[in-house]
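Spelled out from the first residue to the last, the chains are:
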Amino acid sequence: MRKIQMVDLGGQYRGIQEQVNAAITSVMETSAFINGPEVHAFQKELEAYLGVKHVIPCGNGTDALQIAMMGLGLEPGDEVITADFTFAATVEVIALLQLTPVLVDVDPETFNIDVAAIERSITPKTKAIVPVHLFGQCAPMDAILALAEKHDLYVIEDNAQAIGANHTFSDGRKQKAGTIGHVGSTSFFPSKNLGAYGDGGAIFTNDDDLAHTLRGIVNHGMYERYHHDVIGVNSRLDSIQAAVLRAKLPKLDNYCNRRRAAARKYSRAFSGQPNITVPKTVNGCEGICSTCDCHVFHQYTLKITNGKRDGLVAHLSENGIPCGVYYPIPLHRQKAYADARYDENDFPVTNQLIKEVISLPMHTELDDEQIAFITKTVIDFVIE
Ligand SMILES: *Cc1c(COP(=O)(O)O)cnc(C)c1O
């Protein structure tokens with residue numbers, strides 16, 4: 001059996017080596033390292049893939065979120081509601097801009113932000129909601145958009161983990177994750193579903209004026225050379241990364257399907273196991289329907305409900321199976337973000353999830369032998 005990896009970027013590279021190498025070489029030969037034609041071409045191709053009017057490439061997914069918030073003109077003291085159960089980047093940029101993060105609990109089955117908890121947290125100071133499409137599927141966008149409209153709030157989608165996922169609205173219309181709210185962000189960190197070979201990120205919007213503002217902010221607040229109209233940042237996708245991403249973008253749907261196929265095999269093997277809960281997809285197919293396009297499985301995350309999660313982490317490691325606990329500490333209990341305003345009773349789900357979740361190897365190169373070994377090792381330990 002091939003060595004099992006959490007994310008097999010080397011294996012994926014071997015399948016696209018020629019295109020990627022040629023793309024990188026062409027950037028070297030033109031020496032257009034910054035803002036070269038590859039960046040513009042990638043921007044256009046991603047706009048077409050996502051069906052969004054504007055893609056603004058930038059340096060990484062954290063910058064993308066920060067720039068999105070800067071572009072909306074949010075001001076110190078404005079409250080921004082986001083999920084307690086996510087990667088810290090989401091809350092970090094809110095705090096950095098001196099906005100007030102308001103962390104709320106999540107749904108126990110999809111791990112995504114809980115709409116009722118958002119509603120309870122809205123005050124006259126609330127200006128925006130940041131749903132995170134965690135582990136690869138959309139937060140409940142119908143309800144979030146309705147709440148935002150009712151209270152006149154911006155919706156900023158943190159789509160670092162769900163590029164390529166579709167959201168199906170209650171009327172059957174489909175839209176790509178990250179293009180649904182006023183503005184969305186993504187990350188091209190190498191292990192993300194559309195990963196570069198270094199850092200990268202992008203912002204998405206259908207709003208022409210906002211797109212214009214954002215394009216200036218990423219470039220030192222310049223709209224005309226050496227005229228700095230607003231305080232900006234320096235955040236660029238470099239041309240070599242854009243060339244890599246151009247080689248990978250046409251394969252993204254196929255990569256998503258390979259992740260779904262692996263998820264389906266995992267979920268079938270675990271189905272019926274009493275103390276193992278498989279991830280639930282928003283349309284209820286539990287990741288085992290073959291046509292599901294709602295989940296792109298950035299992570300495949302189980303809940304181990306008989307108290308053996310920590311034991312399982314150690315057992316998998318002894319058997320050469322990498323795994324991850326995303327996330328082990330709720331944001332409201334992180335030193336940087338703890339706040340007397342938070343009440344533990346407001347976070348029953350996150351406080352439970354951190355004890356139960358475990359993410360198994362998930363990538364485009366998993367084979368049946370590896371999946372069989374992983375599922376058997378998990379089941380034998382959990383039922384014993
Ligand atoms: C990865 C990630 C980010 C940050 O992306 P970087 O490119 O690493 O800055 C933000 N939010 C979430 C949910 C992420 O998973």
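Being a predicted model, the structure only gives us computed values, none of them experimental.

Caption draft 1: Structural view of the overall build of the chain. A count of helices and strands for the chain gives 12 helices and 14 strands. For the chain, the C-alpha radius of gyration of 21 Å lies close to 21 Å, the compact-globule estimate for 384 residues. For the chain, the spread of C-alpha atoms along the three principal axes comes to 70 × 55 × 40 Å. Relative to its 384 residues, the chain shows a buried fraction of 55%. Taking contacts inside the chain between residues at least 6 apart in sequence as the whole, the part at least 24 apart equals 73%.

Caption draft 2: Quick look at empty space enclosed by the protein. Taken as a whole, this structure holds 2 cavities of 30 Å³ or more when the rule is applied. Of the pockets and cavities examined, the largest cavity occupies roughly 70 Å³. Taken together, 13 residues make up the lining of the largest cavity; nearest its centre are Val-7, Leu-9, Gln-12, Lys-192 and Arg-259. Of the residues in the lining of the largest cavity, the class split is 3 nonpolar, 6 polar and 4 charged. Among the domains, domain 1 (9-250) and domain 2 (252-383) are the pair contributing at least three residues each to the lining of the largest cavity. The calculated volume of the second largest cavity comes to roughly 50 Å³. Lining the second largest cavity we find Glu-109, Thr-110, Phe-111, Leu-134, Phe-135, Gln-137, Pro-279, Lys-280, His-295, Gln-299 and Thr-301. Broken down by class, the residue content of the lining of the second largest cavity amounts to 4 nonpolar, 5 polar and 2 charged. Shared between two domains, the lining of the second largest cavity takes at least three residues from each, and those domains are domain 1 (9-250) and domain 2 (252-383).

Caption draft 3: Layout of the packing of aromatic side chains. Summed over all chains, the structure comprises 12 aromatic pairs. Consider the rings of Phe-85 and Phe-111, whose centres lie 6.3 Å apart with planes at 45 degrees: the pair is tilted. Placement of Phe-85 in the loop between strand E2 (79-83) and helix H4 (89-96) and of Phe-111 in the loop between strand E3 (100-104) and helix H5 (115-121) is noted, with a sequence separation of 26 residues between them. The burial state of Phe-85 is the same as that of Phe-111; both residues are buried. Residues Phe-85 and Tyr-327 carry aromatic rings whose centres are separated by 5.9 Å and whose planes lie at 85 degrees to one another, so their mutual orientation is edge-to-face. Separated by 242 residues along the polypeptide, Phe-85 in the loop between E2 and H4 and Tyr-327 in the loop between helix H10 (309-318) and helix H11 (348-356) bring together distant segments of the chain.

Caption draft 4: Just the packing of helix H9 (residues 252-270) against helix H12 (residues 368-383), in detail. One can describe the packing of H9 onto H12 by two numbers: an axis separation of 10 Å at closest approach and a directional angle of 35 degrees. Of the two elements, H9 crosses H12, and the hand of that crossing is right-handed. On the side of H9, the interface is formed by Ala-262, Lys-265, Tyr-266, Ala-269 and Phe-270, while H12 contributes Asp-368, Ile-371, Ile-374, Thr-375, Val-378 and Ile-379. For the contact of H9 with H12, the residue count by class is 8 nonpolar, 1 polar and 2 charged.

Caption draft 5: Main features of the site of the ligand. What surrounds the ligand is a group of 13 residues, the closest being Gly-61, Thr-62, Asp-158, Ser-187 and Lys-192. A distance of 2.8 Å separates an oxygen atom of the ligand from a polar side-chain atom of Gln-161. A distance of 3.1 Å is found between an oxygen atom of the ligand and a side-chain nitrogen or oxygen belonging to Lys-192. In isolation the ligand exposes 380 Å². Once the protein is present, 91% of that is buried. More than half of the atoms of the ligand fall within 2 Å of the grid points belonging to the largest pocket. Taken together, the residues of the shell around the ligand sort by class into 4 nonpolar, 7 polar and 2 charged.

Caption draft 6: Broad picture of the nonpolar core. Ranked by size, the top nonpolar core spans 54 residues in total, and within it Phe-42, Leu-46, Phe-85, Ile-118, Ile-144 and Phe-188 carry the most contacts. If you tally residues by element for this core, the top one is helix H2 (residues 37-50), at 5 residues. Each of domain 1 (9-250) and domain 2 (252-383) accounts for three or more of the residues forming this core. Those residues in contact with Ile-118 that lie beyond four places of it in its chain are Ile-81, Val-104, Ile-113, Ile-129, Ile-144 and Leu-147.

Caption draft 7: The layout of surface pockets, seen in detail. Taken as a whole, the largest pocket holds about 490 Å³ of empty space. The wall of the largest pocket is formed by 26 residues, among which Phe-87, Gln-161, Phe-189, Lys-192 and His-298 lie closest to the centre. Grouping the constituent residues of the lining of the largest pocket by class yields 11 nonpolar, 11 polar and 4 charged. Inspection of the lining of the largest pocket shows a minimum of three residues originating in each of domain 1 (9-250) and domain 2 (252-383).

Caption draft 8: Here's a closer look at the UniProt feature "active site" (unreviewed entry) in the chain. UniProt records the feature "active site" (unreviewed entry) at Lys-192, using the numbering of this structure. Summarising the element assignment, Lys-192 is placed in the loop between strand E8 (183-187) and strand E9 (201-205). Since its relative accessible area comes to 17%, Lys-192 is described here as buried. In contact with Lys-192, other than residues within four places in its own chain, are Ala-160, Ser-187, Arg-259 and His-298.

Caption draft 9: View of the sheet that holds strand E12 (residues 276-277). Taken together, the 3 strands give an open sheet; going across it, the order is E12-E13-E14, and neighbouring strands pair in antiparallel fashion. Edge strands, defined here as strands with exactly one partner in the open sheet, are E12 and strand E14 (357-360). One ladder, built from 2 bridges, connects E12 with strand E13 (residues 300-304); its direction is antiparallel. Looking across to E13, one finds that Thr-277 is bridged to Lys-303. Set on the sheet, H9 makes contact with E12, E13 and E14; between it and E13 the angle comes to about 20 degrees.

So, how was this worked out
- Residues numbered from 1 in each chain as written.
- Predicted model: local features only at pLDDT ≥ 70, side-chain atom pairs only at ≥ 80, totals over all residues.
- Heavy atoms only, no water.
- Helix = DSSP H or I, 4+ residues; strand = E, 2+ residues; numbered from the N terminus.
- Rg over C-alpha atoms; globule rule 2.2 N^0.38 Å.
- Buried < 20%, exposed > 50% of the residue type's maximum accessible area, 1.4 Å probe, protein only.
- Contact = heavy atoms within 4.5 Å.
- 1 Å grid on protein atoms, 1.4 Å probe; cavity = no way out; pocket = protein on both sides within 12 Å on 5 of 7 lines; lining within 4 Å.
- Points joined across faces, edges and corners; volume = space filled by probe spheres on them.
- Nonpolar A, V, L, I, M, F, W, Y, C, P; charged D, E, K, R; others polar.
- Domains from an automatic or database assignment.
- Phe/Tyr/Trp six-rings, centres within 6.5 Å; stacked < 30°, edge-to-face > 60°.
- Axes fitted to C-alpha atoms, helices over the stretch in contact; angles between N-to-C directions.
- Left-handed = near helix turned anticlockwise from the far one by under 90°.
- Near = heavy atom within 4 Å.
- Polar contact = N/O pair within 3.5 Å; in protein donor to acceptor, adjacent residues only side chain to side chain.
- Areas by Shrake-Rupley, 256 points an atom, 1.4 Å probe, with all protein chains shown as cover.
- Sits in = over half its atoms within 2 Å of the grid points.
- Core = buried A, V, L, I, M, F, W, Y, C linked by side-chain atoms within 4.5 Å.
- UniProt positions renumbered as here; feature names shortened; annotations may be inferred.
- Pairing = 2+ DSSP bridges.

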